[in-house]
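Chain and residue survey
For reference, the chains in residue letters:
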Amino acid sequence: MSRVLVVDDDELVVQSYARTLGRLGYTVDTASSARQAIDRFRADASDVVLSDLAMPDMDGLSFLRELRRFDLDVPVVIVTGAPSMETAIKAVEYGAFRYITKPASSETLAETLGRAVRFHELARMRRLAMDLVEQSGHALGDRASLEARFESAVSTAWIAFQPIISWKERKVSGYEALLRTKEPTLLRPDHFIDAAARLGRLHDLGRMARARTAAAAQSAPPDVRLFVNVHASDLGDDDLILPSAPLSQLANKVTLELTERTSLDGAADLRERLEALRALGFRLAVDDLGAGYAGLSSLAVVSPEVVKIDMSLVRDVDRSPSKQEVIRSMTRLAADLGMELIVEGVETAAERDTLVTLGCDLMQGFFFARPGPGFPKPEL
Ligand code: G
Ligand code: MN
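In this text the structure is predicted, and so the values were computed from the model without any measurement. (Residues numbered from 1 in each chain as written. Chains lettered and ligands numbered in written order. Predicted model: local features only at pLDDT ≥ 70, side-chain atom pairs only at ≥ 80, totals over all residues. Heavy atoms only, no water.)

**Topic: the coordination of the manganese ion (ligand 2)**
Around the manganese ion (ligand 2), the protein contributes the donor atoms Glu176 (OE), Asn229 (OD1), Glu257 (OE) and Asp287 (OD), which lie 2.0 to 2.4 Å from the metal centre. Taken in sequence order, the residues that donate to the manganese ion (ligand 2) follow the motif E-x52-N-x27-E-x29-D. Of this pair, asparagine 229 sits in strand β8 (residues 225-230) while aspartate 287 is found in strand β10 (residues 283-289), placing the two residues 58 residues apart along the sequence. Look at aspartate 287 and you get buried, because its relative accessible area is 4%. (Donors = N, O, S within 2.8 Å, 3.2 Å for Na, K, Ca; no water. Helix = DSSP H or I, 4+ residues; strand = E, 2+ residues; numbered from the N terminus. Buried < 20%, exposed > 50% of the residue type's maximum accessible area, 1.4 Å probe, protein only.)

**Some words on the sheet that holds strand β9 (residues 254-259)**
Read around the barrel, eight strands follow the order β6-β7-β8-β9-β10-β11-β12-β13 and close on themselves; strand pairing throughout is mixed. Direction of pairing for strand β6 (residues 157-166) relative to strand β13 (residues 362-363): antiparallel, over a ladder of two bridges. Note on β13: the bridge partner recorded for isoleucine 165 is methionine 363. Across the sheet, helix α8 (residues 202-216) lies against β6, β7 (171-181) and β8, angled at about 60° from β6, the strand it touches most. (Pairing = 2+ DSSP bridges. Contact = heavy atoms within 4.5 Å. Axes fitted to C-alpha atoms, helices over the stretch in contact; angles between N-to-C directions.)

**Thoughts on the packing of aromatic side chains**
Per the counting criterion, the structure on display carries six aromatic pairs. Aromatic pair tryptophan 167 and phenylalanine 368: ring centres 6.4 Å apart, planes at 50°, arrangement tilted. One end of the pair, tryptophan 167, is in the loop between β6 and β7; the other, phenylalanine 368, is in the segment after β13, and 201 residues separate them in sequence. Comparing tryptophan 167 with phenylalanine 368 shows no difference in burial state: the two are buried. Relative to phenylalanine 368, the ring of phenylalanine 367 lies with its centre 5.4 Å away and its plane at 75°, an arrangement referred to as edge-to-face. Under the relative-accessibility criterion, phenylalanine 367 is labelled partly exposed at 26%. Sitting over the ring of tryptophan 167, arginine 170 keeps its end group 3.7 Å from the ring centre. When the ring centre of phenylalanine 366 is taken as reference, the NZ or CZ atom of arginine 370 above it lies at 3.9 Å. (Phe/Tyr/Trp six-rings, centres within 6.5 Å; stacked < 30°, edge-to-face > 60°. Lys NZ or Arg CZ within 6 Å of the ring centre and 35° of its normal.)

**A look at the nonpolar core**
Residues Phe192, Leu235, Leu256, Val343 and Leu355 are the most contacted members of the largest nonpolar core, which totals 66 residues. It is α8 that contributes the most residues to this core, five residues altogether. Residues contacting phenylalanine 192, with those up to four places away along its chain left out, are Phe150, Ala153, Val154, Ala157, Leu179, Thr181, Leu186 and Leu205. Listed in part, the 23 residues of the second largest apolar core include Leu53, Leu64, Val76 and Tyr94. (Core = buried A, V, L, I, M, F, W, Y, C linked by side-chain atoms within 4.5 Å.)

**A few points about the site of ligand 1**
Inspection of the region around ligand 1 gives 16 residues, with Arg180, Asp288, Glu344, Glu347 and Phe366 positioned closest. Within the side chain of aspartate 287, an N or O atom sits 3.2 Å from an oxygen atom of ligand 1. At 2.7 Å, a backbone N or O of phenylalanine 366 approaches an oxygen atom of ligand 1. A total of 520 Å² of accessible area belongs to ligand 1 in isolation, and the protein chains cover 78% of it. Only β7 and β10 provide two or more residues apiece to the shell around ligand 1. Ranked by the residues each element gives to the shell around ligand 1, the list is headed by β7, at three residues. (Near = heavy atom within 4 Å. Polar contact = N/O pair within 3.5 Å; in protein donor to acceptor, adjacent residues only side chain to side chain. Areas by Shrake-Rupley, 256 points an atom, 1.4 Å probe, with all protein chains shown as cover.)

**Topic: the environment of glutamine 324**
Relative to the helices and strands, glutamine 324 resides in helix α12 (residues 321-336). Taking the relative accessible area as the measure of exposure, glutamine 324 reaches 18% and is therefore buried. Along the backbone, glutamine 324 and valine 314 are 10 residues apart, and their C-alpha atoms lie at a distance of 8.7 Å. Among all residues touching glutamine 324, those that are not within four sequence positions of it are Val317, Asp318, Arg319, Thr354 and Leu358. A distance of 3.4 Å separates a polar atom in the side chain of glutamine 324 from the backbone oxygen of aspartate 318.

**Structural notes on a negative patch on the surface**
On the surface, Asp9, Asp10, Glu11 and Asp57 cluster together to form a negatively charged patch. Glutamate 11 gets classed as partly exposed once you look at its relative accessible area, which sits at 45%. (Patch = residues over 30% accessible without salt bridge, like charges linked within 9 Å, V, L, I, M, F, W, Y side chains within 5 Å. Salt bridge = Lys/Arg side-chain N within 4 Å of Asp/Glu carboxyl O. Lys, Arg positive; Asp, Glu negative; His and termini not counted. Charge placed at Lys NZ, Arg CZ, Asp CG, Glu CD.)

**Comments concerning the pairing of β6**
Across the 10 residues of β6, nine count as buried, placing the element largely inside the fold. When β6 meets β7, the two strands line up antiparallel, connected through 10 bridges. Following the sheet pairing, isoleucine 159 is matched in β7 by leucine 179. In this antiparallel pair of consecutive strands, β6 and β7, the connection spans four residues, and arginine 170 shows a positive phi of 50°.

Put into structure tokens, the structure is as follows:
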């Protein structure tokens, strides 16, 4: 038997729905406020929720949003006296299943709830199927469920550090800070960042990551430099160039990595902002060099102190004369320009040894140490 949770602040309305739905064969739970409904639902999930749109403690849309933190699939049917286009659009965005107007006839309820229950079953199957093929992380979902997953990802976010070593000196030269989360559907950093982008929360994410990096850096070994990734969109965030921001306090230890993967062309007053960052004491790196973005090279615009060679060029470099030639030239050019060069993604001794013969010294990759909590010590 299917379970329906009826939420309305009007006791008479609740009783009337309960009778009708009981006759239709549903097991009915009731709640007289949104808060109570959330508690009920968490204690014992129902198959479908029938909710009033206007309630004193929480409106129907906030209720939907809150509910989605606990359940991404349960269909919610919103009942309202006066529908407006705007609320209808919002309701759909937050994953309302359907919208019905008061007073709802027994036939309408039967038909709507019947479909909702089947939909729920389908949604559960779809999730099951996605888990089977391990794609749930990238599934779009509705906005409310994306928000719920994003919030969970933010609240369980942590910073991993991966050493960058100097091979000549056999010592750690710095650590790259890498954003990680425990939210199972957003484990891949690119999915996490995608979610932020879709929700318009990139700046929030960047601020959080920088603040946590600054906090974690308090326990860094002395004399190591820190490398911090900055998304192209962060360049437009005033927090990045704010002298009182947590990371700005450590600026003279920090190199900001700007990826070559996305274009910097869109960033407003880019040159001024890069100037401001340098004035605070930050150094700048162009990250993922050679990763295939075809637009104007950020090298010319940024004129970085550091370049990081993308791991696609490093992979199997010992067996690819053409990759060797490219890296040899890059190493020479960087030296001529007074830029530091770091090779990323070194996974084998053969890659390391080849890179050394090509003139590389600063290296990073699983071969030395995987990113991890604290400041992992590399194999040297
Ligand atoms: O784009 P960026 O260079 O910031 O990406 C760094 C990412 O590369 C991190 O997520 C890190 O876990 C990953 N990484 C670091 N070292 C290696 C490596 O040796 N091999 C592979 N495949 N990935 C690596
Ligand atoms: Mn990086």
